[in-house]
Amino acid sequence: MESRPARLFYLDLQTVYQEVRQVGNILVVDDERSIRITMKAFLEMDGHSVETAEEAESAMGVLQSRPIDVIMTDIILPRVSGVELLRRIRE
């Protein structure tokens, strides 16, 4: 299998907000508790169902337990990066 370079997309919060308005189940992955709490509160105010995880391993557990439409992840996470998390999910 040929390895492809990771494509990273940096979006401002307004763009992210506009994109997730169209979906329901969102997973926020960030090792900073304040970020998880803030993002969850804003997204739930807009009517979304939000799960949070502080690292890649717990995010994978959430993905196995329920359907998720959008994953919002920090790039720099402990042990496994956000990029590697997304790579594992695609496989």
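Residues numbered from 1 in each chain as written. Predicted model: local features only at pLDDT ≥ 70, side-chain atom pairs only at ≥ 80, totals over all residues. Heavy atoms only, no water.

Engineer: Tell me about the nonpolar core, and please be specific about residues and values.
Structural biologist: The biggest cluster of nonpolar side chains holds ten residues, and these are Leu27, Val29, Ala53, Ala56, Ala59, Val62, Ile68, Leu77, Val80 and Leu85. If you list the elements that add at least two residues to this core, you get strand E1 (25-29) and helix H3 (56-65). Among the elements that make up this core, the one with the highest residue count is H3 (three residues). Alanine 59 has contacts with Leu27, Val29, Ala53 and Leu85, leaving out every residue within four places of it along the chain. Within the second largest apolar cluster, seven residues are counted, among which are Ile26, Val28, Leu43 and Val50. (Core = buried A, V, L, I, M, F, W, Y, C linked by side-chain atoms within 4.5 Å. Buried < 20%, exposed > 50% of the residue type's maximum accessible area, 1.4 Å probe, protein only. Helix = DSSP H or I, 4+ residues; strand = E, 2+ residues; numbered from the N terminus. Contact = heavy atoms within 4.5 Å.)

Engineer: I'd like to hear about H3, residue by residue, with values.
Structural biologist: All buried positions along H3 are accounted for by Ala56, Ala59 and Val62. Seen end-on, H3 carries its buried residues on one side only, within an arc spanning 115°. Exposed and facing more than 90 degrees away from the buried side of H3 are Gln64 and Ser65. Residues of H3 that are buried make contact with E1, strand E2 (49-53) and helix H4 (82-90). (Arc of directions from axis to C-beta.)

Engineer: Could you give an account of the sheet that holds E2, with specific residues and numbers?
Structural biologist: In spatial order, the strands read E2-E1-E3; together these three strands make up an open sheet with parallel pairing. Among the strands making up the open sheet, the edge pair consists of E2 and strand E3 (70-73). Adjacent strand axes in the sheet meet at a mean angle of 20° when their direction is disregarded. Two strands pair when backbone bridges link them, and E1 and E2 are joined in this way by five bridges, in the parallel orientation. Looking at the pairing, valine 28 lines up with threonine 52 of E2. (Pairing = 2+ DSSP bridges. Axes fitted to C-alpha atoms, helices over the stretch in contact; angles between N-to-C directions.)

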